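Structural characterization, general
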Amino acid sequence: MSLKDSSSMGASGVEPAEQPPAPDIDITKPHIARIYDFFLGGKHNYAVDRQAAEQVLKAMPDARLAARVNRRFLIESVRWMMRETGVRQFLDIGSGLPTQQNVHEVAQAIDKDARVVYIDNDPLVRVHAEALLATDPNTIFLTGDLRDGTALLDRPEIREHLDFSEPIGLLLVAVLHFIQDNAEAYAITDALYEALPPGSYVAISHAMRPDADSYPEGYAAYNRATGSLTLRTPEEIGRFFEGCTLIGSGLSRLADWHLGDSGGGPRDDEVTAIGDTSALKDFPGMCGLARIDR
Ligand SMILES: C[S@@+](CC[C@H](N)C(=O)[O-])C[C@H]1O[C@@H](n2cnc3c(N)ncnc32)[C@H](O)[C@@H]1O
């Protein structure tokens, strides 16, 4: 160990135990947002999350790359909505911990007045999001649960922040697979689509079960750690887009998704440090961006 390394240690030379950033943050059990943060190379994770993430990586070595490609889908969807449609406001449910290229940064780089509401049910996300957003009046963060469905939309903070006479970009990226029951998940998205203003869009990515009999081992490892993931078949994921018009390559495998002739400008892989995605060809995750037509 170098002298430099020892500067972060306690006087005894033993690594100090990690401390939660707030009393209500549990760092004894792995959390979804923090495992994902670890895959993205972030720093908002704890030993228990890293152990769980390493278990997943053993069974699914491409999980890190998949997290970045998922993030690229999110970023490109936001850019496309900003450039090609009238959408100037976003509702990002299951937003995750702040990372590089957050939705408000991507949107406001195109129009500084773009407005964003982030929602997540993990209290740690609030701790970090509030610090990040303290000086940005156009972006707010709320602790809330996707399971509350349209009750979320009735929250006064959302009504004050978003203009419900203008289209909204709904982001449900890597979150619907945490709703276990199919009927409940479809009821939530159906109700959200009905409640959003005309001309709104939705971006969804989802963990995939290639067919009804299979369950990829990497996801099984994830579920042993968190007990939270529900995989859906391509047909079941497709149901989330009923009454919508898909853009670009349509509902696609994560590695194959693209905007095609729909515009959106060149791919900027550097911001998400992706490189060669061919390794992800068979990764069991799907995504799609669509206009809500109901
Ligand atoms: C895999 S991360 C995805 C983060 C971000 N959307 C992305 O794709 O880059 C999933 C996030 O959804 C949140 N989450 C899980 N279930 C949720 C629920 N029922 N309501 C709100 N957020 C939820 C987790 O806390 C986590 O931050």
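Above this note sits the structure.
Predicted model only: the values in this text are computed from it and were never measured.

**Considering the overall build of the protein chain**
- For the protein chain, the helix and strand inventory stands at 11 helices and eight strands.
- What you see for the protein chain is a C-alpha radius of gyration of 19 Å, in line with the 19 Å of a compact globule of 294 residues.
- The contacts of the protein chain with a sequence gap of at least 6 include a subset with a gap of at least 24, amounting to 73%.
- Side-chain charges of the protein chain comprise 28 positive and 44 negative groups, with the mean position of each set lying 3 Å from the other.

**Observations concerning the side chain of Ser200**
- Position of Ser200 relative to the elements: it lies in the loop between α9 (182–195) and β5 (201–207).
- With relative accessibility at 1%, the residue Ser200 sits in the buried group.
- There is a polar contact of 2.6 Å between the side chain of Ser200 and the backbone oxygen of Pro197.
- With sequence-adjacent residues up to four places away left out, Ser200 is seen in contact with Pro167, Ile168, Arg291 and Ile292.

**A look at the site of the ligand**
- Around the ligand, the surrounding shell holds 19 residues, and the nearest of these are Tyr36, Arg71, Gly94, Asp120 and Val173.
- A distance of 2.8 Å separates a nitrogen atom of the ligand from a polar side-chain atom of Asp145.
- Contacts to the ligand include Arg147, whose side-chain N or O atom sits 3.3 Å from a nitrogen atom.
- More than half of the atoms of the ligand fall within 2 Å of the grid points belonging to the largest pocket.
- Contributions of two or more residues to the shell around the ligand are made by α2 (32–39) and α4 (63–84).
- Here the shell around the ligand gets three residues from one element, more than from any other, and that element is α2.

**Here's the deal with the layout of surface pockets**
- Size it by volume and the largest pocket reaches roughly 880 Å³.
- Lining the largest pocket are 47 residues; nearest its centre among them are Ile32, Ala174, His177, Phe178 and Tyr222.
- Sort the elements by how many residues they give to the lining of the largest pocket and α4 lands first, with six residues.
- Each residue belonging to the lining of the largest pocket can be placed in one class, and the counts come to 26 nonpolar, 15 polar and six charged.

**Details of the pattern of salt bridges**
- Taken as a whole and assessed by the stated rule, the structure comprises 14 salt bridges.
- With a closest N to O distance of 3.2 Å, Asp26 and Lys29 form a salt bridge.
- Arg147 is paired through a salt bridge with Asp145; the nearest N and O atoms lie 3.3 Å apart.
- A single network of salt bridges, built from pairs that share partners, joins Asp190, Arg239 and Glu242.

**Structural notes on the environment of Leu146**
- As for its position among the elements, Leu146 is in the loop between β3 (139–143) and α7 (150–153).
- Looking at Leu146, the relative accessible area reads 6%, which means it is buried.
- Discounting chain neighbours no more than four positions away, the residues touching Leu146 are Ile93, Leu152, Leu172, Val175, Leu176, Ile179, Ile188 and Leu192.

**What about the environment of Arg88?**
- Looking at the element boundaries, Arg88 is found in the loop between α4 and β1 (89–93).
- Separated by 194 residues in sequence, Arg88 and Asp282 have C-alpha atoms that sit 34 Å apart.
- Once residues within four sequence positions are removed from consideration, Arg88 is found in contact with Met81, Met82, Asp111, Ala114 and Arg115.
- Here Met82 takes part through its backbone oxygen, which lies 2.9 Å from a polar atom of the side chain of Arg88.

**A closer look at the nonpolar core**
- Phe90, Leu91 and Val202 are the most contacted members of the largest nonpolar core, which totals 89 residues.
- With 12 residues, the single largest contributor to this core is α4.
- Setting aside chain neighbours within four positions, we find Val202 in contact with Leu170, Leu172, Tyr193, Phe241, Cys244, Gly288, Leu289, Ala290 and Ile292.

**Topic: the pairing of β1**
- Here β1 lies mainly inside the structure; five of its five residues are buried.
- Across the two faces of β1 the burial is the same, with Gln89, Leu91 and Ile93 and Phe90 and Asp92 all buried.
- Pairing of β1 with strand β2 (residues 115–120) involves five bridges; the strand directions are parallel. Residue Asp92 lies in a different strand from β2, and its bridge partner there is Tyr118.
- The parallel pair β1 and β2, bridged by helix α5 (residues 103–110), forms a crossover whose chirality is right-handed.

**Considering helix α10 (residues 217–226)**
- Listed as buried for α10 are Gly218, Tyr219, Ala220, Ala221 and Tyr222.
- On its buried face, α10 is in contact with α2, α3 (47–59), β5 and β8 (285–292).
- Count one or two residues on from α10 and you reach Gly227, which has phi positive near 60 degrees.

Rules of the game
- Per chain, the residues get numbers from 1 upward, laid out in the order the sequence is written.
- Confidence filtering applies because this is a predicted model: local features only for residues at pLDDT of at least 70, side-chain atom pairs given and counted only at 80 or more, and all residues used for totals across whole chains, interfaces and linings.
- Excluding hydrogens and water, the side-chain values take into account all heavy atoms of the structure.
- Per the convention used, a helix needs a DSSP run of H or I reaching at least four residues, while a strand needs a run of E reaching at least two, with both numbered from the N terminus.
- Within these notes, the globule rule equals 2.2 Å times the number of residues to the 0.38 power, and the radius of gyration is based on C-alpha atoms.
- Residues are treated as being in contact if the distance between any of their heavy atoms lies within 4.5 Å.
- Under this rule, positive means Lys or Arg and negative means Asp or Glu; His and the chain ends count for nothing.
- In this description, the location of a charge corresponds to atom NZ of lysine, CZ of arginine, CG of aspartate or CD of glutamate.
- Partly exposed residues are those whose accessible area sits between 20% and 50% of the maximum for their type, while under 20% is buried and over 50% is exposed, using a 1.4 Å probe and protein chains only.
- Polar contact is defined as a pair of N or O atoms within 3.5 Å, subject to the rule that within protein one atom must be able to donate a hydrogen and the other to accept it, and that residues adjacent in sequence are counted only when both atoms are side-chain atoms.
- Definition of nearness: a residue and a molecule or strand are near each other if at least one heavy atom of the residue lies within 4 Å of the molecule or strand.
- Computed over the protein atoms alone on a 1 Å grid, cavities are sets of points where a 1.4 Å probe fits but cannot get out and pockets are open sets with protein on both sides within 12 Å along at least five of seven lines; a residue lines them when it has an atom within 4 Å of a point.
- Criterion for pocket placement: a molecule counts as inside a cavity or pocket if more than half of its atoms are within 2 Å of its grid points.
- Grid points are joined across faces, edges and corners, and a volume is the space filled by probe spheres set on the points.
- Under the convention adopted here, Pro, Cys and the residues Ala, Val, Leu, Ile, Met, Phe, Trp and Tyr are nonpolar, Asp, Glu, Lys and Arg are charged, and Gly plus all remaining residues are polar.
- Any Lys or Arg side-chain nitrogen found within 4 Å of a carboxyl oxygen on Asp or Glu counts as a salt bridge.
- Joining through side-chain atoms within 4.5 Å is the link that ties buried Ala, Val, Leu, Ile, Met, Phe, Trp, Tyr and Cys residues into a set, and such a set is a nonpolar core.
- Two strands pair under a simple rule: DSSP has to find at least two bridges between them.
- Crossovers are described as right-handed under a simple rule: with the strands pointing away from the observer, the path leading from the first strand over the helix to the second runs clockwise.

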